[in-house]
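This is what each chain is made of:
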Amino acid sequence: MGRRVRTARRSEGPHAVVEDAPTKTALRKRKDIQPALLSIKTINNALTVLRKMLSLAQEHGIITHVPRVKLFKTAKAAFDFLSFEEAERVVAAAAPAWRAVVLVALKTGDCGKAS
């Protein structure tokens with residue numbers, strides 16, 4: 001194992017944070033590893049956050065115009081409903097304090113949907 005090198009402090013005082021810099025060996029190993037490709041859904045999620053940040057910047061007067069951020073087209077995700085047996089197992093596995101919430105969600109069809 002390589003030795004870690006201390007870097008500069010972010011601030012002084014009792015709450016100063018000292019960060020460890022990676023060793024030269026760790027950096028060399030990192031160079032050889034190819035990063036995994038991002039899925040279209042992951043890219044769209046990041047673009048959605050960017051779009052919202054730009055809209056907020058316009059609302060606060062930081063920018064005058066929000067550039068168009070176009071999302072990639074994706075295939076509709078397959079939706080799989082729970083069977084009655086699966087729903088019963090979910091309710092049984094829920095903590096007693098959460099059983100009523102789980103039951104309401106199952107009966108109203110609001111499990112996992114964005115509101």
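Engineer: Looking at this structure, I do not really get the overall build of the chain. What am I missing?
Structural biologist: The secondary structure content of the chain amounts to four helices and two strands. Reading the chain from its N end, one meets helices and strands in the order β-β-α-α-α-α. The buried share of the chain, taken over its 115 residues, is 11%. Pairs at least 24 residues apart make up 18% of the contacts formed inside the chain by residues separated by at least 6 positions. Accessible surface computed for the chain: about 10800 Å², of which carbon and sulfur atoms make up 61%.

Engineer: Looking at this model, I keep getting lost on helix H2 (residues 40-59). Mind explaining?
Structural biologist: One turn of the α-helix equals 3.6 residues, which is why residues spaced by three or four share an orientation. Spanning 20 residues, H2 covers 28 Å between terminal C-alpha atoms, matching the ideal 28 Å at 1.5 Å per step. The complete set of buried residues in H2 reads Asn44, Leu47, Leu54 and Ala57. Buried residues of H2, seen end-on, are gathered within an arc of 135 degrees and therefore sit on one face of the element. Every exposed residue of H2 that faces more than 90 degrees away from the buried side is listed here: Lys41, Met53 and Glu59.

Rules behind the numbers
- Residues numbered from 1 in each chain as written.
- Predicted model: local features only at pLDDT ≥ 70, side-chain atom pairs only at ≥ 80, totals over all residues.
- Heavy atoms only, no water.
- Helix = DSSP H or I, 4+ residues; strand = E, 2+ residues; numbered from the N terminus.
- Buried < 20%, exposed > 50% of the residue type's maximum accessible area, 1.4 Å probe, protein only.
- Contact = heavy atoms within 4.5 Å.
- Areas by Shrake-Rupley, 256 points an atom, 1.4 Å probe, with all protein chains shown as cover.
- Expected span 1.5 Å × (residues − 1).
- Arc of directions from axis to C-beta.

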